[in-house]
Amino acid sequence: MRRAKISVIGAGNIGGECARSIAMKELGDVVLIDIPEKEGVAKGKALDIASCAPIERFDCTLTGGSNYEAIAGSDVVVVTAGVPRKPGQSRDDLVGINSGIVKGVCENIRKHAPNSIVILVSNPLDAMVYVAWKTTGFHHSKVIGQAGALDVARFRAFLAMKLGCSVEDVTALLLGGHGDDMVPLPNFTSVHGIPIRQLLPENVITECVDRAKQGGGEIVKLMGTSAWYAPSAGTVQMVEAIVRDKKRIIPCAAYCEDEYGVATGQPGKGLFVGVPVVLGSKGVEKIVPITLTGDEKALLDKSVSSVRELVGIVKKLMPEMA
Ligand code: APR
């Protein structure tokens with residue numbers, strides 16, 4: 001049976017950790033790509049990870065370089081290329097520089113891996129998925145943003161810390177953009193089926209919601225750059241769902257028009273926002289609808305407005321994205 005092929009663009013902190021984790025889980029062969037000036041880093045990380053194989057006992061090939069011909073035949077391409085944020089910056093502050101980077105990367109994906117499913121990680125995420133969709137011209141089910149997998153993992157981790165229970169038993173849901181107004185949903189959060197409100201007081205739940213929303217910024221303040229382990233874990237969870245056709249339900253940035261009222265009755269005016277999707281070998285196979293309270297819908301609408309604003313900035317910078 002043919003192994004899956006997964007290319008990771010950007011061999012930095014997230015890209016390197018994605019490559020390592022994909023190899024450790026034997027999800028497929030990995031190609032790491034970076035700019036020509038960082039070709040040595042891409043090659044070196046691939047070689048370093050490949051040298052773990054005898055100890056960690058995985059069989060797959062890892063290669064690195066800067067020539068996009070190497071991504072030909074990829075089943076999945078993960079895009080982590082771009083600059084990370086620094087203390088004091090929001091994800092949105094990266095829009096100018098990362099739009100150009102993601103556009104250039106996606107032109108190469110369109111050319112060399114036209115049948116791939118593309119997972120975006122670069123920030124500001126919701127706008128970068130939009131740039132990738134417009135640039136590749138791929139069907140929207142094949143262009144997906146990684147955000148919810150990470151944000152919900154942070155929310156679950158913080159709840160488990162408060163509860164003193166296993167994170168495995170905490171399930172939760174989160175909607176909206178990958179920004180400060182993302183929408184964690186306590187009504188859809190439970191611990192082995194027990195509604196979270198039966199286990200924690202409202203103020204503690206709110207504390208965990210707020211910490212999840214600020215989770216990325218908390219780490220930027222500590223490290224001076226953005227996180228990479230959990231973002232990679234979220235990304236690789238998505239890669240696994242796709243290459244193993246697991247049909248997992250994961251919140252991802254997916255293209256919505258009528259869904260969740262993002263652009264009801266306005267064909268072509270949709271946006272990529274975080275919603276629960278069924279993720280399998282065809283990419284986003286379904287967007288799962290849920291019933292929200294008025295308050296939850298208002299929070300989601302606010303988050304969608306922020307994404308729309310950000311995409312508006314991209315369209316101003318790059319009129320070809322309109
Ligand atoms: N093509 C390929 N790689 C590129 C390009 C490009 N045009 N431009 C930059 N890169 C590479 C950089 O050379 C670097 O190796 O992308 C890599 C980014 O790595 P880091 O600086 O370590 O950033 P990282 O923490 O991995 O974050 C990457 O993901 O979560 C987001 O906000 C984060 O936008 C950032 C991205």
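Residues numbered from 1 in each chain as written. Predicted model: local features only at pLDDT ≥ 70, side-chain atom pairs only at ≥ 80, totals over all residues. Heavy atoms only, no water.

Chemist: When you look at the nonpolar core in this model, what are you seeing that I'm missing?
Modeler: Across soluble globular proteins, you tend to see nonpolar side chains buried next to one another. In this structure, L62, I109, L120 and L279 are the most contacted members of the largest nonpolar core, which totals 86 residues. Tallying contributions element by element places helix α5 (residues 125-136) first for this core, with eight residues. A domain split of this core shows at least three residues from each of domain 1 (5-145) and domain 2 (148-322). Contacts of L120, omitting those with residues within four sequence positions, involve V79, V102, L125, M128, V129, A132, V143, I144, G145 and Q146. Ranked by size, the runner-up nonpolar core spans 17 residues in total, among them F158, A160, A172 and V204. (Core = buried A, V, L, I, M, F, W, Y, C linked by side-chain atoms within 4.5 Å. Buried < 20%, exposed > 50% of the residue type's maximum accessible area, 1.4 Å probe, protein only. Helix = DSSP H or I, 4+ residues; strand = E, 2+ residues; numbered from the N terminus. Domains from an automatic or database assignment. Contact = heavy atoms within 4.5 Å.)

Chemist: What should I look at first to understand the site of the ligand in this one?
Modeler: Around the ligand, the structure places 21 residues, and the nearest of them are N13, I14, D34, T80 and N123. The separation between an oxygen atom of the ligand and a polar side-chain atom of D34 is 2.6 Å. At a separation of 3.0 Å, an oxygen atom of the ligand approaches a polar backbone atom of V83. In isolation the ligand has 720 Å² of accessible area, and contact with the protein removes 86% of it. Cavity membership is defined here by more than half of the atoms lying within 2 Å of grid points; on that basis the ligand lies in the largest pocket. Of all the elements in the fold, those that place two or more residues in the shell around the ligand are α1 (13-24) and α4 (95-112). (Near = heavy atom within 4 Å. Polar contact = N/O pair within 3.5 Å; in protein donor to acceptor, adjacent residues only side chain to side chain. Areas by Shrake-Rupley, 256 points an atom, 1.4 Å probe, with all protein chains shown as cover. 1 Å grid on protein atoms, 1.4 Å probe; cavity = no way out; pocket = protein on both sides within 12 Å on 5 of 7 lines; lining within 4 Å. Sits in = over half its atoms within 2 Å of the grid points.)

Chemist: Explain the sheet that holds strand β10 (residues 190-191) here, please?
Modeler: Strand pairs in the sheet, formed through backbone hydrogen bonds, run parallel or antiparallel to each other. Across the sheet, three strands lie side by side as β7-β10-β11; this open sheet has antiparallel pairing. Of all strands in the sheet, those with a lone pairing partner are β7 (170-171) and β11 (194-195), marking the two edges. Pairing analysis gives two bridges linking β10 to β11, with the strands arranged antiparallel. Across the sheet, residue S190 finds its bridge partner in β11, namely P195. (Pairing = 2+ DSSP bridges.)

Chemist: What's the story with the packing of α1 against helix α9 (residues 229-243) in this structure? I'm lost.
Modeler: Helix-helix packing is described using two parameters, namely the angle between the two axes and the distance between the axes. Running from N to C, α1 and α9 point in directions that differ by 50°, and their axes come no closer than 9 Å. It follows from the interaxial angle that α1 and α9 lie oblique. Note on packing geometry: the crossing formed by α1 with α9 is right-handed. Contacts between α1 and α9 involve I14, E17, C18, S21 and I22 from the first element and Y229, P231, S232, T235 and V236 from the second. The residue makeup of the contact of α1 with α9, split by class, is six nonpolar, three polar and one charged. (Axes fitted to C-alpha atoms, helices over the stretch in contact; angles between N-to-C directions. Parallel < 35°, antiparallel > 145°, perpendicular 65-115°, else oblique. Left-handed = near helix turned anticlockwise from the far one by under 90°. Nonpolar A, V, L, I, M, F, W, Y, C, P; charged D, E, K, R; others polar.)

Chemist: Can you walk me through the packing of helix α6 (residues 148-163) against α9 in this structure?
Modeler: Direction vectors running N to C along α6 and α9 enclose 120°, while the axes themselves pass 8 Å from each other. On the basis of the axis angle, α6 is oblique to α9. Every pair of crossing elements has a handedness; the one defined by α6 and α9 is right-handed. When α6 is examined against α9, the residues A149, L150 and R154 are found in contact with a partner set consisting of A230, P231, G234 and Q237. Residue composition of the contact of α6 with α9, by class: four nonpolar, two polar and one charged.

Chemist: Looking at this model, I keep getting lost on empty space enclosed by the protein. Mind explaining?
Modeler: Where empty space is left in the structure can be found by rolling a water-sized probe over the atoms. For the coordinates displayed, the defined rule picks out one cavity of 30 Å³ or more. When its volume is computed, the largest cavity comes out at roughly 50 Å³. If you go around the largest cavity, the residues you meet are D126, A147, G148, D151, L174, L175, G176, G177, P251, A253, V273 and G274. Mapped by element, the contributors of at least two residues to the lining of the largest cavity are α6, β8 (174-175), β12 (248-256) and β13 (271-280). The residue inventory of the lining of the largest cavity, partitioned by class, reads six nonpolar, four polar and two charged. (Points joined across faces, edges and corners; volume = space filled by probe spheres on them.)

Any link to function would need more than the numbers given here.
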